[in-house]
Amino acid sequence: MIDIKKLITNAEEMQQNCINRHLDIDIKQVITLYEQQKGLKQELDQLRAKRNEVAQSMKGKMSPEERSVLIEKGKALKEELGEKEEGYKEVKEEYQTQLLQIPNYTAPDSPIGGEEDSTELKRVGEIRKFDFPVKDHLEIGYALDLLDFEAGAKVAGQKFYFLKNEAVLLELALVQYAIKKVMSKGFIPHITPDMARTSVVEGIGFNPRGESTNIYSIENQDLCMIGTSEITLGGKYADTIFKEEELPLKVAGFSHCFRTEAGGAGRESKGLYRVHQFSKVEMFAICKPEDAEGFLEDFLKIEEEICQELNIPYRVLDIASADLGNPAYKKYDIEAWLPGRDKYGEITSTSNCTDYQSRRLNIKYKNKDNETKFVYMLNGTAIAVPRIIISILENFQNEDGSVDLPEVLHPYMGMKKIERK
RNA sequence: GGAGAGGUGGCCGAGUGGUCGAAGGCGCACGCCUGGAAAGUGUGUAUACACCAAAAGUGUAUCCAGGGUUCGAAUCCCUGUCUCUCCGCCA
């Protein structure tokens, strides 16, 4: 959520920002609604003041005649209030819905444009040249008896899957490796609920219901399946005021993530790349405004370190305006080289969301001058399991069908490669 | 799942429908006292929004949430929610 007062002073900048983000939003209209809402509120406040005054004046003893005059006066005010309140409520609701749709500001150094305009900052790691026909992760996974999409579909539907045999160990190994890694970087690890209240999901900036939602919701309950533990970690701190010395707060979450992928059918959707459920370790930080930019770079570094330790060749993208999503002010993605697709594919994403989420979730801190200010919030992927599994299977496949495992995983796997049966 | 009890300020806790933004205590802040500290003592101590150039001040809202009754609700009614206790079920 955006600060309305700031918005009024830089309405044009935000209007351009919406254009850059390919959003059809009329900033002027939102400001008009705000003014209307404010005016109505003032009228209401005056009426209420009168009502309170009348009620106060009736406290003492008085003759029945005097009293009945005042009661009539009160009744009239009550009626007037009731009517005004209705109008105010309508305008206020419209204002609030529109305000919530306004995206965050965009970092001045983020590229402007759509997906194709994201800037490639660097490439790291050698792309392997294969002297045998390359297989994609599905072929490899089925040959090694690691995957079962048919059973997933039978039990839960399209894009659900079973992991089997070494793939199970691999998921557990990746999770444990990632948790230890982020702990070594000072993050407090959490296993979070896989569901969250609708209000929490909204607070983080996801749209829980409606046609284009990517979120599963539970029928007849105020609950959603989370799309990332960012939701539960952020929700944990809703309505909190931190002391300055408690910041920065660095936490990590392990959870299952659920995404409907509505409208995403067919698009890069082969195999494990785009699924309805997956496991993920997520980094999350709450900090003072001045620390946020540094943290974003830190998050990226950790993500790179993980890719490097896993020997996955990757590139880093500075994400362009239209691809940021509403909450992010600036975002870096890491894309792994995936030989089975013969191109890069996104495996991590880290964002500086500034105070966009903390305004909705009401997360603040008290600074040295005892002023209460909104915190800044950041998030970043440590490991999104299925896409790392794809990267490993495809990059480290051998001609005989076996797959070498990255050295850092050997202790967790209890093996160095996945052999053909 | 059944039965009951309860949600009041940073915390504890009082509160007959009007004098309640809310007693009292703790904590916290500042002062006095002291050689210094403790004890004692005095004062202050919520948030949001609006008006105001700003401060001061004023108004409105907030006693879990949402509705309702009433001229007037922390207080009465309904619904939801959360916590606790007991019973049942269960890995």
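Described in the following lines is the structure provided in the data block. (Residues numbered from 1 in each chain as written. Chains lettered and ligands numbered in written order. Predicted model: local features only at pLDDT ≥ 70, side-chain atom pairs only at ≥ 80, totals over all residues. Heavy atoms only, no water.)

**A few points about the sheet that holds strand S12 (residues 343–352)**
Moving on, step 1. The mixed open sheet is built from eight strands, whose spatial order is S1-S10-S11-S12-S15-S9-S8-S4. In this open sheet, the two edge strands, each paired with only one partner strand, are strand S1 (119–124) and strand S4 (188–191). Between one strand axis and the next, the sheet turns by 25° as a mean value, whatever way the strands run.
Moving on, step 2. Inspection of the sheet shows strand S11 (residues 330–338) paired to S12 by nine bridges, in the antiparallel sense. Directly across from Glu335, in S12, lies its bridge partner Glu346.
Moving on, step 3. Sitting on the sheet, helix H9 (residues 229–236) touches S4, strand S8 (249–258), strand S9 (277–287) and strand S15 (376–384), and the angle it makes with S9 is about 35°. (Pairing = 2+ DSSP bridges. Helix = DSSP H or I, 4+ residues; strand = E, 2+ residues; numbered from the N terminus. Axes fitted to C-alpha atoms, helices over the stretch in contact; angles between N-to-C directions. Contact = heavy atoms within 4.5 Å.)

**Details of the nonpolar core**
Moving on, step 1. Of all hydrophobic cores here, the largest spans 62 residues; its most connected members are Leu174, Leu310, Ile383, Ile392 and Leu409.
Moving on, step 2. It is helix H7 (residues 166–184) that contributes the most residues to this core, nine residues altogether.
Moving on, step 3. With near-sequence residues (within four places) excluded, Leu310 lies in contact with Leu174, Tyr177, Ile383, Ile388, Phe396, Pro406, Val408 and Leu409. (Core = buried A, V, L, I, M, F, W, Y, C linked by side-chain atoms within 4.5 Å. Buried < 20%, exposed > 50% of the residue type's maximum accessible area, 1.4 Å probe, protein only.)

**Notes on the pattern of salt bridges**
Moving on, step 1. Enumeration according to the criterion identifies 23 salt bridges in this entry.
Moving on, step 2. As a salt-bridge pair, Arg359 and Asp3 come within 3.8 Å of each other at their nearest N and O atoms. One end of the pair, Arg359, is in helix H11 (residues 356–361); the other, Asp3, is in the segment before helix H1 (4–9), and 356 residues separate them in sequence.
Moving on, step 3. Residue class for Arg359 comes out buried when judged on its relative accessible area of 18%.
Moving on, step 4. What makes Asp3 partly exposed here is its relative accessible area of 27%.
Moving on, step 5. The closest approach of N and O atoms between Lys122 and Glu304, which form a salt bridge, is 3.0 Å. A residue pair is termed long-range when its members are at least 10 positions apart, and Lys122 in strand S1 and Glu304 in helix H10 (residues 292–309) qualify at 182 residues. (Salt bridge = Lys/Arg side-chain N within 4 Å of Asp/Glu carboxyl O.)

Interpretation in functional terms is not warranted from these geometric data alone.
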